Number of protein chains: 2
Amino acid sequence: MQNKINIGLIGAGTVGGGTYKILKENFSEIFRKTGKEIIVFALAEKDLKRAKEIVDDKTIVYEDAFDIVKDKNIHVIIELIGGTGVSKNLVEEAIKNNKHVITANKALIAMHGEELVSLAREHNVNLAYEAAVAGGIPIIKSVREGLAGNKIEWIVGILNGTTNYILTEMKENNLAFDVALKQAQDLGFAEADPSFDIEGVDAAHKITILASIAFGIPINFNAVHIEGISNLEQKDIIFAEEIGYKIKLLGITKHHHDSVELRVHPTLIPEKKLVANVDGPMNAVLVQGNMVGPTLYYGAGAGAEPTASAVVADIIDLARNLESTSTTHIPILGFIKDEIKPKKILLIEDITSEFYLRFSMQNESGVVEKIKQVFELHSIGIGVIVQKEIKKDDGIIDIILVTSNIIEKNINEIINEIEVMPENKNKIVKLRIEQLNS
Amino acid sequence: MQNKINIGLIGAGTVGGGTYKILKENFSEIFRKTGKEIIVFALAEKDLKRAKEIVDDKTIVYEDAFDIVKDKNIHVIIELIGGTGVSKNLVEEAIKNNKHVITANKALIAMHGEELVSLAREHNVNLAYEAAVAGGIPIIKSVREGLAGNKIEWIVGILNGTTNYILTEMKENNLAFDVALKQAQDLGFAEADPSFDIEGVDAAHKITILASIAFGIPINFNAVHIEGISNLEQKDIIFAEEIGYKIKLLGITKHHHDSVELRVHPTLIPEKKLVANVDGPMNAVLVQGNMVGPTLYYGAGAGAEPTASAVVADIIDLARNLESTSTTHIPILGFIKDEIKPKKILLIEDITSEFYLRFSMQNESGVVEKIKQVFELHSIGIGVIVQKEIKKDDGIIDIILVTSNIIEKNINEIINEIEVMPENKNKIVKLRIEQLNS
């Protein structure tokens, strides 16, 4: 029986520091749960000063991370440097040296998960990535194990805390996007270069991973349709609220008989749903199983300790299993190798959705009737139609309209027809609506 | 490699039927996730007619459940008859016959968990009980594994769907308790004898189990302080709402340095908290970890398929581990045997809490001042004080008061002093408040 587990930590950044802290401060508690002494045996970090600020003298510090993955005393490598360049090489080297790997790197798993999982299978080691999706929320475990008896029908998630913070501020404090972003940066909720977050790329990495483990399909980041929130106008947040909806940046994936939807975009959801009330930098994932119905998982999606909490959960899983003949009894992607089967990912034009549309029209009599006529000609139902007050300076009126379910390419045709009307004075705003019904 | 797993199902009731249904309808999906064919090999059910309605001809039906636990073809026994009598004997016999046991029986685990866990350890089999707490929500797995890196600081849960439905109806539709209970019974959300639910016993079973796996303490049902909702008056739900709170029946457990709180009672919680918006028959559990902060888990806490979803998750966990040298690598109660240590469970008199108090006083001048004076004499702060309208027929006025944090025995003293005042016309209502701050 192996009572000591030596961790090799790559990266002394936010999550690396958090992981070291948890393993140290909760050392006894973790021993109570595993019967193992889990220690950070070595840290790989170029910045030696930074390294020494974090670890004590007993911890070996490697300047070159390619040395740590070869260290024979180390059982588990934790990759926390991010990105898809050197981190990929390091994970590969660690696996080839028959070490288990834990990573918080969503980009790496979303973009190179397939080959890394194959390599891990080949070497009979585990590749764990709980921290890669929704930070401290144990959502990988919940989908892959807790809900394993279900066919998952769909998942929607608030998967990016930065954008959720910005959207909350835009709504609660009537801020424009730029102002809310600046505030998020000042408070440390957004990075200096926020594009990965605000353009939806980060959420797309995460929903890609969730889709794979929910449906048993290959990880396919290139197939995600991605729209961020940088073009979202504050007035649409307000108008949506007036008709009973909140706007959230959602990762959405749905399972159909012979296809899968995989998309990230700002979405109107009914304000009465629990997930609509997840505010600030928090994350939440709503999972619909064919037997359990809807379940929701909420918590901090980022930050040092919450993310490290997920890393340490993966360490504990490994520690509890090190005596097993196989440590990879839970398939890395939730499904056994031969049962992971590709499915067509629907183009965004081919999805069916309700839509929120906002038209900026010259306020002439009959303009609403003209819009309605276009919908009637296409036999498309209209659920709600609201005319906002007329702007005094230019006589332009906002008209809000909610459609029934319609294929996106059909709504695009209608939009094109209305956009060329002489009364139309601006680009028509189109947002998708999810009712989130079971 | 064992590719077929034979299940022995005891009980063809709601959850038994649901379990059979999931294993059948999701057979292929479960194979995709485990590589195993999992079938109900035999069913034990006294009512042969009922049994035949559920299972097909290939399934053996035992009239005597003590025969199924001895069947050498069966790898896993699922106990779904409930109660703590014969079910206990059956689980013991199954374990003694070296079979893994899965149960949805919260009363059994809460009242006899200690001895059953010991017996399972002795025989090196697993005893799984995900379905015993919060139905389809994978809360046992989340606390025991997903949050294992944390010291859990406290857990509060809406753990009983019947009472949450009743409280929701009382609030939303202005119903008295009796009316809402009758409605819950008519809709199948409450049983003919609802006392286990409405008196808080069911929630107490569940919070007892959660406290054990969260803190590493023995299961100790006898130590829970239990109050139900049958004495709750609708007017307190309304008054609470007016000052920003919702009333929920919560299971609460908190970890202190040398003691633990363990209690079930109607509780005021801030309406802005996500868990306050969990309505109808749904369950939710809010867990505070020392590193991850708060995480919340929401879903159906009862019903055939949701509960069976958790049973099947346990089956899949076992199926994925059957090749391991040890299938009990995750400690049954989350902590290794020698690290489960008793802690003093605080008497309810010794807990510290904010309180909501309602006084029914004769409307005489100075009556509010007299109440305030008692608090001042005891140096107890008052947060909110509201006088409701005077009832015309008897001139009695409701006075609502919210205290600062105070030890319960001290608030009891104050209540006793005020209760004997000549102006006091009724029993003083005392409800506890939880702010749910991180």
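This structure is a prediction, so every number in the text was calculated from the model and none was measured.

Let's talk about the packing of helix α6 (residues 106-122) of chain B against helix α11 (residues 201-215) of chain B
Residues and elements named next belong to chain B.
Logical step 1: The geometry of α6 relative to α11 is characterised by a closest axis approach of 9 Å and an angle of 55° between their N-to-C directions. Looking at the two axes, α6 sits oblique to α11. Between α6 and α11 lies a crossing of left-handed hand. Contacts between α6 and α11 involve Lys 106, Ala 107, Ile 109 and Ala 110 from the former and Asp 202, His 205, Lys 206, Thr 208 and Ile 209 from the latter.
Logical step 2: Among the residues forming the contact of α6 with α11, the class breakdown is 4 nonpolar, 2 polar and 3 charged.

Digging into the relation of the copies chain A and chain B
Logical step 1: Take chain A, turn it by 180°, move it 0.0 Å along the axis, and it overlays chain B with an RMSD of 0.0 Å. Here the symmetry operator amounts to a two-fold rotation axis.
Logical step 2: The overlap is high: 100% of the interface residues of chain A also sit at the interface in chain B, so the same surface is used on both sides.

As for the pairing of strand β14 (residues 352-362) of chain A
All names here are of chain A.
Logical step 1: Pairing analysis gives 2 bridges linking β14 to strand β17 (residues 406-407), with the strands arranged antiparallel. By the bridge assignment for β17, Thr 352 is matched with Ile 407.
Logical step 2: Of the pairings in the sheet, the one linking β14 to strand β18 (residues 429-433) comprises 5 bridges and is antiparallel in character. Paired with Glu 354 across the bridge in β18 is Ile 433.
Logical step 3: The sheet contact formed by β14 and strand β16 (residues 396-403) spans 7 bridges and is antiparallel. Within β16, the residue paired with Phe 359 across the bridge is Ile 399.

Quick notes on the environment of Phe189(A)
Residue and element names in this part refer to chain A.
Logical step 1: Along the polypeptide, Phe 189 turns up in the loop between α9 (177-186) and α10 (195-198).
Logical step 2: For Phe 189, a count of 23 C-beta atoms within 10 Å gives the class buried.
Logical step 3: Along the chain, Phe 189 and Ala 148 lie 41 residues apart, while their C-alpha atoms are 34 Å from each other.
Logical step 4: Apart from the residues lying within four places of it in its own chain, the contact partners of Phe 189 are Gly 161, Thr 162, Tyr 165, Ala 184 and Pro 281.

What about the interface of chain A and chain B?
Logical step 1: Taken together, the contact pairs 54 residues of chain A with 55 residues of chain B.
Logical step 2: Those elements that provide at least two residues to the side of chain A that touches chain B are α2 (27-34), α7 (139-146), β12 (293-300) and α13 (304-321) of chain A.
Logical step 3: It is α13(A) that contributes the most residues to the side of chain A that touches chain B, 10 residues altogether.
Logical step 4: Of the residues assigned to the side of chain A that touches chain B, the class counts are 23 nonpolar, 20 polar and 11 charged.
Logical step 5: The pairing of β12(A) with strand β12 (residues 293-300) of chain B spans 3 bridges and is antiparallel. Bridging across to β12(B), Tyr297(A) finds its partner in Tyr297(B).

Observations concerning the sheet that holds strand β5 (residues 100-103) of chain B
Pairing between the strands of a sheet is mediated by backbone hydrogen bonds and can be parallel or antiparallel.
Residue and element names in this part refer to chain B.
Logical step 1: Taken together, 6 strands build an open sheet; the order of strands is β3-β2-β1-β4-β5-β6 and the sheet is parallel. Only two strands of the sheet have a single partner each, and these edge strands are β3 (60-62) and β6 (127-128).
Logical step 2: Looking at chain direction, strand β1 (residues 4-10) and strand β2 (residues 37-44) are connected through 7 bridges and run parallel. When the sheet's bridge partners are listed, Leu 9 is paired in β2 with Leu 43.
Logical step 3: Here helix α1 (residues 14-25) sits on the sheet and contacts β1, β2 and β4 (76-79); the angle it forms with β2, its principal contact strand, is near 150°.

Looking at the domain arrangement of chain A
Residue and element names in this part refer to chain A.
Logical step 1: Domain parsing of chain A yields domain 1 (4-136 + 305-339), domain 2 (139-300) and domain 3 (351-433).
Logical step 2: Placing a centre on the C-alpha atoms of domain 1 and another on those of domain 2 gives a separation of 27 Å.
Logical step 3: Between domain 1 and domain 2, the residue contacts involve 20 residues of the former and 24 residues of the latter.
Logical step 4: A total of 7 residues in the side of domain 1 that touches domain 2 trace back to one element, the largest contributor, which is helix α6 (residues 106-122).
Logical step 5: For the side of domain 1 that touches domain 2, the per-class residue count stands at 12 nonpolar, 4 polar and 4 charged.

Notes on helix α15 (residues 408-419) of chain A
Logical step 1: Compared with an ideal rise of 1.5 Å per residue, which puts 12 residues at 16 Å, α15(A) spans 16 Å between its outermost C-alpha atoms and is within 8% of the ideal.
Logical step 2: The secondary structure elements touched by the buried residues of α15(A) are β14, α14 (367-377), β16, β17 and β18 of chain A.

Looking at helix α12 (residues 234-242) of chain B
Logical step 1: Burial in α12(B) covers these residues: Asp236(B), Ile237(B), Phe239(B) and Ala240(B).
Logical step 2: Those residues of α12(B) hidden inside the fold are in contact with α8 (161-172), β9 (245-255), β10 (259-270), β14 (352-362), β16 (396-403) and β18 (429-433) of chain B.

So, the environment of Pro194(B)
Residues and elements named next belong to chain B.
Logical step 1: Considering the arrangement of structural elements, one finds Pro 194 in the loop between α9 (177-186) and α10 (195-198).
Logical step 2: On a C-alpha basis, the gap between Pro 194 and Leu 181 in space is 8.5 Å, while along the polypeptide they are 13 residues apart.
Logical step 3: When sequence neighbours within four positions are dropped, the list of residues in contact with Pro 194 reads Thr 162, Leu 181 and Gln 185.

Parameters at a glance
Residues numbered from 1 in each chain as written. Chains lettered and ligands numbered in written order. Predicted model: local features only at pLDDT ≥ 70, side-chain atom pairs only at ≥ 80, totals over all residues. Axes fitted to C-alpha atoms, helices over the stretch in contact; angles between N-to-C directions. Helix = DSSP H or I, 4+ residues; strand = E, 2+ residues; numbered from the N terminus. Parallel < 35°, antiparallel > 145°, perpendicular 65-115°, else oblique. Left-handed = near helix turned anticlockwise from the far one by under 90°. Contact = placed C-beta atoms within 7 Å. Nonpolar A, V, L, I, M, F, W, Y, C, P; charged D, E, K, R; others polar. Least-squares fit on C-alpha atoms with pLDDT ≥ 70 in both. Pairing = 2+ DSSP bridges. Buried ≥ 20, exposed ≤ 12 C-beta atoms within 10 Å, placed from the backbone. Domains from an automatic or database assignment. Expected span 1.5 Å × (residues − 1).

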